[in-house]
Amino acid sequence: MSFLLTLIEYHNRRNYAKLLLYFTNHTFMQERIQKFLSEAGVASRRKAEEFIKSGQVSVNGKKARLGDKVDPEKDVVKVYGKTVKPAEKKIYLMLNKPKACVVSKKDPRGRKTAFSFLPEELQKKVWNVGRLDYNTEGLLILTNDGTLTQELSHPKYEHDKEYEVETAEEPSEHQLERLRDGVEIATGLTYPAKIKTRGGKVLITIHEGKKRQIKRMFDAVGLSVTNLKRIRVNKLVLPDNLHPGQYRAINKADIL
Ligand code: URA
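These numbers were taken from a predicted model, which means no experiment stands behind them. Positions within a chain are numbered from 1, following the residues in the order the chain's sequence is written. Under the rules for a predicted model, residues below a pLDDT of 70 receive no local features and side-chain atom pairs below 80 are neither given nor counted, while totals for whole chains, interfaces and linings still include all residues.

(A) Here's a closer look at the overall build of the protein. Think of it this way: any DSSP run of H or I at least four residues long counts as a helix, any run of E at least two long counts as a strand, and we number them from the N terminus. When helices and strands are counted, the protein shows 8 helices and 17 strands. Exposure is read from a count of other C-beta atoms within 10 Å of each residue's own; the residue is exposed at 12 or fewer, buried at 20 or more and partly exposed in between. C-beta atoms are placed from the backbone. Expressed as a percentage of its 256 residues, the buried residues of the protein come to 23%. When contacts within the protein are restricted to residue pairs at least 6 apart in sequence, long-range pairs at least 24 apart make up 58% of them. Here, residue contact means that the backbone-derived C-beta atoms of the two residues sit within 7 Å.

(B) Fine view of the site of the ligand. Residue proximity rests on one test: whether the C-beta atom, placed from the backbone, lies within 6 Å of the molecule or strand. Residues in contact with the ligand, as listed here, are Leu-132, Asp-133, Thr-136, Arg-212, Gln-213, Ile-214, Lys-215 and Leu-228. Counting residues per element, the shell around the ligand draws most heavily on helix 8 (residues 213-220), at 3 residues. In this count, Pro and Cys sit with the nonpolar residues alongside Ala, Val, Leu, Ile, Met, Phe, Trp and Tyr, while Asp, Glu, Lys and Arg are called charged and the others, Gly among them, polar. The residue makeup of the shell around the ligand, split by class, is 3 nonpolar, 2 polar and 3 charged.

(C) Seen up close, the sheet that holds strand 3 (residues 62-63). Here we have 4 strands laid out as an open sheet, ordered 3-2-5-6, and antiparallel in their pairing. Sheet topology places strand 3 and strand 6 (82-83) at the edges, where each strand pairs with a single neighbour. Here, any two strands with at least 2 DSSP bridges between them count as paired.

(D) Fine view of the pairing of strand 9 (residues 137-143). Most of strand 9 is tucked away: 7 of the 7 residues are buried. Across 6 bridges, the pairing between strand 7 (residues 92-97) and strand 9 is antiparallel. Looking at the pairing, Asn-96 lines up with Leu-139 of strand 9. The pairing of strand 8 (residues 127-129) with strand 9 spans 3 bridges and is classified as antiparallel. Bridge assignment links Asn-128 to a residue of strand 9, and that residue is Leu-142. Sheet topology places strand 9 next to strand 15 (residues 225-233); 2 bridges connect them, and they run parallel. Looking at strand 15, one finds that Glu-137 is bridged to Lys-229.

(E) View of the environment of Trp-127. One can find Trp-127 in strand 8. A count of 15 C-beta atoms within 10 Å places Trp-127 in the partly exposed class. For the pair Trp-127 and Lys-105, spaced 22 residues apart in the sequence, the C-alpha separation amounts to 8.2 Å.

(F) Fine view of unusual backbone geometry. One non-glycine residue with positive phi stands out, namely Asn-60, at about 50 degrees. Residue class for Asn-60 comes out exposed when judged on the 11 C-beta atoms lying within 10 Å of it. The phi dihedral of Ala-100 is positive, around 60 degrees, even though this residue is not glycine. Here Ala-100 is to be found in the loop between strand 7 and helix 5 (120-125). Judged by the 11 C-beta atoms lying within 10 Å of it, Ala-100 falls in the exposed class.

(G) Representation of the nonpolar core. Of all hydrophobic cores here, the largest spans 17 residues; its most connected members are Leu-95, Ala-114, Leu-139 and Leu-140. Mapped by element, the contributors of at least two residues to this core are strand 7 and strand 9. Sort the elements by how many residues they give to this core and strand 9 lands first, with 4 residues. Excluding its chain neighbours within four sequence positions, the residues that come into contact with Leu-95 are Ala-114, Phe-117, Leu-140, Leu-142 and Tyr-247. Among the nonpolar cores identified, the runner-up in size contains 13 residues, and Ala-193, Ile-206, Met-217 and Val-225 belong to it. Take the buried Ala, Val, Leu, Ile, Met, Phe, Trp, Tyr and Cys residues, join any whose C-beta atoms are within 7 Å, and the set you get is a nonpolar core.

(H) Highlighting the confidence of the model for the protein. Each residue gets a pLDDT score, which is the predictor's confidence in that residue and runs from 0 to 100. On average, residues of the protein score 91 in pLDDT, and 89% of them are at 70 or above. Contacts from residues 1-7, a stretch scored under 50 in pLDDT, to residues over four places away or in other chains number 5 contacts.

(I) The arrangement of the environment of Ala-114 in detail. Along the chain, Ala-114 falls in the loop between strand 7 and helix 5. In the structure, Ala-114 is positioned 14 residues away from Ala-100 in sequence and 9.1 Å away in space, judged by C-alpha atoms. Apart from residues no more than four positions distant in its own chain, Ala-114 is found in contact with Leu-95, Lys-97, Cys-101, Val-102, Val-103, Asn-128 and Leu-140.

(J) Highlighting the pairing of strand 15. Summarising the sheet, strand 10 (residues 161-167) and strand 15 pair through 7 bridges and their orientation is antiparallel. Within the sheet, the bridge partner assigned to Thr-167 lies in strand 15 and is Val-225. Pairing between strand 15 and strand 16 (residues 236-237): 2 bridges, direction antiparallel. Pairing of Val-233 across the sheet is with Leu-236, part of strand 16. Where strand 15 folds back onto strand 16 in an antiparallel hairpin, the turn is made up of 2 residues, including Asn-234, whose phi is positive at roughly 55 degrees.

Have a look at this one:
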């Protein structure tokens, strides 16, 4: 009701900018209570609906009804008298990691970290999905979503990782073929890789993530890597206009 009154008040005052802002905020900040409860980890949506129907859920002290909407930032929702903490808003970022920085929040050797390219507020909230070596540049995903982290890190999902590689020597067809087939590195035989060449560079796609895997694979066929850049993780391609040290907010659907 107060929502409607505020809208009418702004309308009467001909304050259309505020009217629009208020309407937008109100519309998008609200979500159905059963969705709120399931995302907060209280119960599945169906079970949450049962709690609501049986009168065990309150919003700001009033009994909730199925389909009611709540604003997770403002409303106090209780189930069986206990306040429900809203689920943390999920954050997904891609960073173009520059060379000469480590992928960790702190470095015992005092080197620059990839996280230092984010504002302090974000540094605290997110972690990296996978790593890139100190002198590797390119696409690094940062998030606070544990499920996504697991899905991208677990080998069983076989998500592609594509790298652009520059080498000191010009690769021969035979060397490229060996990389394609799989080569023996310290951790065993690598899975077959997709290999292309573009402008004198090798594009290699793998779905494993062994330590220093690309450098070791190239070493194993007698090629020394002079520049290594990750350009894609699954669906997510590093955009040309995202320069080293820049980051951008993305959606989960951009990756998976
Ligand atoms: N393979 C490497 O050798 N280094 C990286 O940083 C990533 C993949």
